[in-house]
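A look at the structure
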Amino acid sequence: MTSLAEPYKVRNLPEDVETDDCLTSYKHIYCPELLRDQVAFITGGGTGIGFRIAEVLMRHGCDTVIASRNPEKLSEAARKLTSATGRQCLPLQMDVRQPDTISSVVDETLKQLGRVDILVNNAAGNFLCPATSLSFNAFRTILEIDTMGTFNTSKVLYDKWFKDHGGSIVNISATLGYRGQALQVHAGSAKAANDAMTRHLAVEWGPSGVRVNTVAPGPISGTEGFRRLSKYMCVLACILFMVTF
Ligand SMILES: CC/C=C\C/C=C\C/C=C\C/C=C\C/C=C\C/C=C\C=C\C(=O)SCCNC(=O)CCNC(=O)[C@H](O)C(C)(C)COP(=O)(O)OP(=O)(O)OC[C@H]1O[C@@H](n2cnc3c(N)ncnc32)[C@H](O)[C@@H]1OP(=O)(O)O
Ligand SMILES: NC(=O)C1=CN([C@@H]2O[C@H](COP(=O)(O)OP(=O)(O)OC[C@H]3O[C@@H](n4cnc5c(N)ncnc54)[C@H](OP(=O)(O)O)[C@@H]3O)[C@@H](O)[C@H]2O)C=CC1
């Protein structure tokens, strides 16, 4: 038996895979029944980090909704998640920039699954680009997906369910803005706004039984974000950018 004082061993952590496939084995971190019959709504849950979040919640007994723009990717992901975990996963199409689409998807969720306990605001967009080359529309696009998208989805779910039933919101942030990462003014600014939003909403919605928290990962390999930002060409581009001053 593992002693409580013993640190959690690296070999016990989930395997690192490059594709959006379910894990071939899973060692439960907490009780397998931890989330039995709860429902989680995960934006961008069809790929990358959102896909793995959906899988792990489902392995702890939760049903899920994975919601984003691309219906083919979502359906394929839902098929894999359901078959690996035995839980329900609804793939529903929406754009976090369009409150009407979120509203319809939340209505459909409540019709089919009857409740929502957890919202994970994971959907985001990003690419490397120096501020000088970033168009006004590019900056706006990332703010709209990451920041407006997080507010839109949180507000729709709060109005339609959380305000009367409580719940838990987890916003997926990033550490990019902490030190002013080059080529990332758009994503760093968006995530910094989200970190503030988390604190504001936690204070306002706490009395209704809604917890609002942020997780800010560093680089996670095997994800689209990592592929877009970590190629060595990016570092070269960054060095070129720096030496031009
Ligand atoms: C010396 C070294 C120092 C520094 C090293 C530098 C770099 C980092 C190094 C290491 C980092 C290592 C690891 C990473 C660590 C942490 C990662 C942290 C955060 C990660 C966040 C994410 O990953 S978010 C998820 C990523 N996935 C996606 O983005 C998928 C979804 N994305 C999309 O749908 C699109 O890409 C989109 C975001 C553009 C949105 O699509 P859409 O709405 O269709 O928008 P468009 O109409 O296509 O475009 C809108 C405007 O944006 C402009 N645009 C688009 N792409 C680019 C680009 N690549 N570069 C510049 N501009 C772009 C586009 O032209 C449009 O603007 P217009 O003015 O033309 O209209
Ligand atoms: N990868 C990393 O190293 C790190 C990632 N993060 C954060 O983790 C989260 C996931 O990133 P990652 O897994 O790498 O990237 P992915 O590209 O795999 O995930 C982003 C997801 O967001 C969805 N999405 C994008 N735009 C919209 C939109 N307008 N409406 C609805 N859904 C949308 C995409 O689906 P679709 O195309 O179907 O819309 C996709 O499933 C992001 O919040 C990112 O900032 C933070 C730190 C590090």
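What counts, and at which threshold
- Residues numbered from 1 in each chain as written.
- Chains lettered and ligands numbered in written order.
- Predicted model: local features only at pLDDT ≥ 70, side-chain atom pairs only at ≥ 80, totals over all residues.
- Heavy atoms only, no water.
- UniProt positions renumbered as here; feature names shortened; annotations may be inferred.
- Helix = DSSP H or I, 4+ residues; strand = E, 2+ residues; numbered from the N terminus.
- Contact = heavy atoms within 4.5 Å.
- Areas by Shrake-Rupley, 256 points an atom, 1.4 Å probe, with all protein chains shown as cover.
- Near = heavy atom within 4 Å.
- Polar contact = N/O pair within 3.5 Å; in protein donor to acceptor, adjacent residues only side chain to side chain.
- Nonpolar A, V, L, I, M, F, W, Y, C, P; charged D, E, K, R; others polar.
- Core = buried A, V, L, I, M, F, W, Y, C linked by side-chain atoms within 4.5 Å.
- Buried < 20%, exposed > 50% of the residue type's maximum accessible area, 1.4 Å probe, protein only.
- Patch = residues over 30% accessible without salt bridge, like charges linked within 9 Å, V, L, I, M, F, W, Y side chains within 5 Å.
- Salt bridge = Lys/Arg side-chain N within 4 Å of Asp/Glu carboxyl O.
- Pairing = 2+ DSSP bridges.
- Axes fitted to C-alpha atoms, helices over the stretch in contact; angles between N-to-C directions.

The protein chain has the name Peroxisomal 2,4-dienoyl-CoA reductase [(3E)-enoyl-CoA-producing] in an unreviewed UniProt entry, where Electrophorus electricus is given as its organism. On record in UniProt, under Sequence similarities (unreviewed entry), the comment for the protein chain is "Belongs to the short-chain dehydrogenases/reductases (SDR) family. 2,4-dienoyl-CoA reductase subfamily." Among the UniProt annotations of the protein chain, the heading Subunit (unreviewed entry) holds the following wording: "Monomer, dimer and oligomer."

1. Here's the deal with the overall build of the protein chain
Broken down by element type, the protein chain carries seven helices and six strands. Along its sequence from the N terminus, the protein chain presents helices and strands in the succession β-α-β-α-β-α-β-α-β-α-β-α-α. By its C-alpha atoms, the protein chain is 55 × 45 × 40 Å across when sized along the principal axes. Counting contacts in the protein chain only where the partners sit at least 6 residues apart, residues at least 24 apart contribute 75% of the total. In the form shown here, the protein chain has an accessible surface area of approximately 13,300 Å², with 58% of it arising from carbon and sulfur atoms.

2. Section: the site of ligand 2
What surrounds ligand 2 is a group of 28 residues, the closest being T47, S68, R69, I220 and T223. Contact distances for ligand 2 include 2.9 Å between an oxygen atom and a backbone N or O atom of I49. With respect to ligand 2, the backbone of V96 contributes an N or O atom lying 3.0 Å from a nitrogen atom. Bound to the protein, ligand 2 loses 89% of the 880 Å² it would expose on its own. Sorting the residues of the shell around ligand 2 by element identifies helix 1 (48-59) and helix 6 (224-230) as the ones contributing at least two each. Looking at the shell around ligand 2, the element that brings in the most residues is helix 6, giving three residues. When grouped by side-chain class, the residues that make up the shell around ligand 2 number 12 nonpolar, 10 polar and six charged.

3. Considering the site of ligand 1
In the region of ligand 1, 25 residues are neighbours, and R69, R97, N126, S135 and N137 sit closest. Contact distances for ligand 1 include 2.8 Å between an oxygen atom and a side-chain N or O atom of R69. Taking S135, its side chain carries an N or O atom lying 2.6 Å from an oxygen atom of ligand 1. Burial of ligand 1 by the protein chains amounts to 64% of its free accessible area of 1,500 Å².

4. Focus: the nonpolar core
F41 and F162 are the most contacted members of the largest nonpolar core, which totals 28 residues. Looking at this core, the elements that each hand over two or more residues are strand 1 (39-43), strand 2 (63-68), strand 3 (89-93), helix 3 (99-113), helix 4 (136-165), helix 5 (185-205) and strand 6 (210-215). Among the elements that take part in this core, helix 4 stands out by supplying six residues, more than any other. In terms of nonpolar packing, the next biggest core, distinct from the first, is built from 19 residues, A54, L74, A77 and V120 among them.

5. Here's the deal with the side chain of Q184
Relative to the helices and strands, Q184 is located in the loop between strand 5 (167-172) and helix 5. Classification of Q184 as buried rests on a relative accessible area of 3%. Excluding anything up to four places from it in sequence, Q184 contacts N126, F127, L128, C129, L176, S189 and L229.

6. Quick word on a nonpolar patch on the surface
On the surface, V235, L236, I239, L240, M242 and V243 cluster together into a nonpolar patch covering about 580 Å² of accessible area. Topologically, M242 is positioned in helix 7 (residues 232-243).

7. Examining the sheet that holds strand 6
Sheet architecture is open: six strands sit in the order 3-2-1-4-5-6, paired in parallel fashion. Here the strands that pair on one side only, and so sit at the sheet edges, are strand 3 and strand 6. In this sheet, adjacent strand axes meet at a mean angle of 15 degrees when their direction is disregarded. By the bridge criterion, four bridges tie strand 4 (residues 118-121) to strand 5 in an arrangement that is parallel. If you follow I118 over to strand 5, its bridge partner there is S168. Helix 1 rests against strand 1, strand 2, strand 3, strand 4 and strand 5 of the sheet, and its axis sits at about 175 degrees to strand 1.

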